[in-house]
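Listed below are the residues making up each chain.
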Amino acid sequence: MRRIYQSVLFVGVLVLMFLPAWYLPPLQKQLARLQAPVLVGENPPAPRPVWWPRSWERGDYQKAMESHLKNGTALTPFFVRGKSQLDYTLFGDLPHDNILVGKNGYFYTKTGCESSTGRNFIGRAAIRDKARKLRYIVDHYAARGIPWLVWMPPAKSTIIPEQRPRFYQGPPVDSTNRAVFSAVFREEGLPFMDFEGLAAYRAQSPHPLYSPGGLHWSYYTMGLAVDSLRQYFDARLPRALPLVEWRDSIERRAELLGPDRELVVGANQWFPSPLPPMPYPRMRYRVDSSHRAARALVVGDSYYKLMLDYGIHEGLFDDSSHFWYYNHEIHPPLRRAGRQWGLGELDVLAELADRELVLIVVYEANLERFAFNFIENVYMALKKEAK
């Protein structure tokens, strides 16, 4: 009897040690303390695979089961958040590929810090080649009365360098994509804004230019950028863009919108780091006899997607305007002839010919893939048309 008891105990210990996936999920459902929110930025839950001899022989079952155990069980968020919280609390670090812990409650991205310190510099020759192609395009459309503008929003690590992680501390460097793009564009006389003045303006700004827990600039800084955009195009269009009023209606809120806390949320901690209130302007648009919405094409990344989601695209530009997100997706969706069209089905020159202005938005960390092949596509199409 004693031997049976010992055998049962031994098997029970083995089950506890090596098969937690069998008994912990039901236990977790009963204990609220073991329940954790779904992870942010992870793969969707994978279903438990069905065992078949052939799938076992090919190794498909093993891979699917591994994916299920990693992403398909309720235990994964519990342990991942626990690991993130321990690393942050004990070591001031995070087990994340791109989110970094800076100083004084600031969070950064590795891609942003790499771009600010020149670690992803693509070289002057590559930048000059892109500038040469863009110069040809801008001149072509300037002759047709269609102004272009390039926005290069700076990374938080460029404007607030003193809060970067220690590894990325150091004196400014000249060989960064942002610095060389700006210098070459200036030499070529290309229309661009790199928002260099934000660094000096930061000391006197009444509101934060970036959230400590966000990747993008704040909504207040976005308002400043919109004013600059309007000023540029108003001087080049027959009629100015709609008036935008917002400076007298800025509300500071403790309940932050997603972009102002995206890095803290993405860190997947048990207890997300506290963040200060952030400013949110209420944008009001006014059209009259001298101000109207223009037909625009915007090609860019998430910095413009932020404006689209905040209603700025709709407020400034007319209904025929579109945003080509990473030169891959069309926003809002384009419907013609009773169906939705993809970007690959469009004639890029025909689309440009129907516009009154073109805006390219490339965040500093994305400058290594400037304009996401849009410039190359337009350049090749124009050269082909000219033959």
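Residues numbered from 1 in each chain as written. Predicted model: local features only at pLDDT ≥ 70, side-chain atom pairs only at ≥ 80, totals over all residues. Heavy atoms only, no water.

Participant: With reference to specific residues and values, describe the overall build of the protein.
Facilitator: Of the regular secondary structure elements, the protein holds 16 helices and 14 strands. Across the 387 residues of the protein, 48% fall into the buried class. Taking all contacts inside the protein whose residues are at least 6 apart in sequence as the whole, residues at least 24 apart take part in 73%. On the protein, roughly 20,700 Å² of surface is accessible, and the fraction owed to carbon and sulfur atoms is 56%. (Helix = DSSP H or I, 4+ residues; strand = E, 2+ residues; numbered from the N terminus. Buried < 20%, exposed > 50% of the residue type's maximum accessible area, 1.4 Å probe, protein only. Contact = heavy atoms within 4.5 Å. Areas by Shrake-Rupley, 256 points an atom, 1.4 Å probe, with all protein chains shown as cover.)

Participant: Run through the packing of aromatic side chains, naming residues and quoting values.
Facilitator: As enumerated under the stated definition, the model contains 24 aromatic pairs in all. Here Phe167 and Tyr168 contribute two aromatic rings whose centre-to-centre distance is 4.9 Å and whose plane-to-plane angle is 90 degrees, an arrangement assigned as edge-to-face. Classification of Phe167 by relative accessible area gives exposed; the value is 58%. Looking at Lys156, its charged tip hangs above the ring of Tyr108, at a distance of 5.2 Å from the centre. Taking the ring centre of Tyr136 as reference, the NZ or CZ of Lys383 above it sits at 4.4 Å. (Phe/Tyr/Trp six-rings, centres within 6.5 Å; stacked < 30°, edge-to-face > 60°. Lys NZ or Arg CZ within 6 Å of the ring centre and 35° of its normal.)

Participant: Mind laying out the pairing of strand 3 (residues 148-151), listing which residues take part and the relevant values?
Facilitator: Burial along strand 3 is two-sided: the face carrying Trp148 and Val150 and the face carrying Leu149 and Trp151 are both buried. Inspection of the sheet shows strand 3 paired to strand 14 (residues 357-361) by four bridges, in the parallel sense. The residue bridging Trp151 from the neighbouring strand is Val361, located in strand 14. As paired strands, strand 3 and strand 4 (residues 192-193) are joined by two bridges and run parallel to one another. Looking at the pairing, Val150 lines up with Phe192 of strand 4. (Pairing = 2+ DSSP bridges.)

Participant: Could you give an account of the sheet that holds strand 9 (residues 296-300), naming the residues involved and the relevant values?
Facilitator: Across the sheet, which stays open at both edges, the six strands sit in the order 4-3-14-9-10-11 with mixed pairing between neighbours. Because the sheet does not close on itself, it has two edges, and the strands there are strand 4 and strand 11 (329-331). Its contacts with the sheet put helix 11 (residues 219-234) on strand 3, strand 4 and strand 14, and the angle it makes with strand 3 is roughly 160 degrees. (Axes fitted to C-alpha atoms, helices over the stretch in contact; angles between N-to-C directions.)

Participant: I'd like to hear about the packing of helix 7 (residues 124-142) against helix 16 (residues 374-386), residue by residue, with values.
Facilitator: Direction vectors running N to C along helix 7 and helix 16 enclose 60 degrees, while the axes themselves pass 10 Å from each other. Between helix 7 and helix 16, the angle falls in the class oblique. The two elements helix 7 and helix 16 cross, and the hand of that crossing is left-handed. Contact residues: Lys130, Arg132, Lys133, Leu134, Tyr136, Ile137, His140 and Tyr141 in helix 7; Ile375, Glu376, Val378, Tyr379, Leu382, Lys383 and Ala386 in helix 16. Grouping the constituent residues of the contact of helix 7 with helix 16 by class yields nine nonpolar, one polar and five charged. (Parallel < 35°, antiparallel > 145°, perpendicular 65-115°, else oblique. Left-handed = near helix turned anticlockwise from the far one by under 90°. Nonpolar A, V, L, I, M, F, W, Y, C, P; charged D, E, K, R; others polar.)

Participant: Got a sec to walk through the environment of Arg230? Specific residues and values, please.
Facilitator: Within the secondary structure, Arg230 sits in helix 11. Given a relative accessible area of 11%, Arg230 falls into the buried group. Each C-alpha atom, one on Arg230 and one on Pro242, is 8.3 Å from the other, the two residues being twelve residues apart in sequence.

Participant: I'd like a rundown of the environment of Tyr304, residues and numbers included.
Facilitator: As for its placement among the helices and strands, Tyr304 is situated in helix 13 (residues 302-309). By relative accessible area, Tyr304 is classed as buried at 1%. Sequence-wise, Tyr304 and Trp151 are 153 residues apart; in three dimensions their C-alpha atoms are separated by 9.6 Å. Setting aside residues no more than four positions away along its own chain, Tyr304 makes contact with Val298, His313, Phe317, Phe323, Leu359 and Val361. At 2.6 Å, the side chain of Tyr304 forms a polar contact with the side chain of His313. (Polar contact = N/O pair within 3.5 Å; in protein donor to acceptor, adjacent residues only side chain to side chain.)

Participant: Pulling in residues and values, what's your account of the pattern of salt bridges?
Facilitator: Taken as a whole and assessed by the stated rule, the structure comprises 20 salt bridges. Close ionic contact of Asp227 with Arg247 constitutes a salt bridge, the shortest N to O distance being 2.9 Å. Here Asp227 is found in helix 11, whereas its partner Arg247 is found in the loop between strand 5 (243-245) and strand 6 (250-253), with 20 residues between them in sequence. Taking the relative accessible area as the measure of exposure, Asp227 reaches 18% and is therefore buried. Judged by relative accessible area, which is 54%, Arg247 ranks as exposed. (Salt bridge = Lys/Arg side-chain N within 4 Å of Asp/Glu carboxyl O.)

Participant: An account of helix 16 is requested, with residue identities and associated values reported.
Facilitator: Taking 1.5 Å of rise per residue, the 13 residues of helix 16 would be expected to cover 18 Å, and the 18 Å separating its terminal C-alpha atoms lies within 8% of that figure. Among the residues of helix 16, Phe374, Ile375, Glu376, Val378, Tyr379 and Leu382 are the ones counted as buried. Contact partners of the buried residues in helix 16: helix 7, strand 3, strand 9, strand 10 (322-325), helix 15 (348-353) and strand 14. (Expected span 1.5 Å × (residues − 1).)

Participant: Go over the side chain of Gln163, please, and point to the residues and values.
Facilitator: Secondary-structure assignment places Gln163 in the loop between helix 8 (156-159) and helix 9 (177-188). Each residue touching Gln163, except ones within four places of it in the same chain, is listed here: Gly102, Lys103, Asn104, Tyr106, Tyr108 and Gln169.

Participant: Break down the nonpolar core for me, citing the residues and quoting the values.
Facilitator: Generally speaking, soluble globular proteins have nonpolar side chains that are buried together. Core analysis: the largest hydrophobic core is formed by 59 residues, its most contacted members being Trp151, Trp217, Leu241 and Phe317. Counting residues per element, this core draws most heavily on helix 11, which supplies nine residues. Apart from residues no more than four positions distant in its own chain, Trp151 is found in contact with Met193, Phe195, Trp217, Ala225, Val226, Leu229, Met307, Leu359, Ile360, Val361 and Val362. Core analysis: the next-biggest nonpolar cluster, separate from the first, contains 38 residues, Ala131, Val150, Leu297 and Phe374 among them. (Core = buried A, V, L, I, M, F, W, Y, C linked by side-chain atoms within 4.5 Å.)

Participant: Lay out the pairing of strand 9 in plain terms, naming residues and giving numbers.
Facilitator: Look at any regular strand and the pattern is simple: side chains alternate between the two faces of the sheet. With five of five residues buried, strand 9 lies mostly within the body of the structure. Residues of strand 9 alternate between two faces, with Ala296, Val298 and Gly300 on one and Leu297 and Val299 on the opposite face, all of them buried. Relative to strand 14, strand 9 runs parallel, the two sharing five bridges. Note on strand 14: the bridge partner recorded for Gly300 is Val361. Across four bridges, strand 9 lies against strand 10 in parallel orientation. By the bridge assignment for strand 10, Val298 is matched with Phe323.

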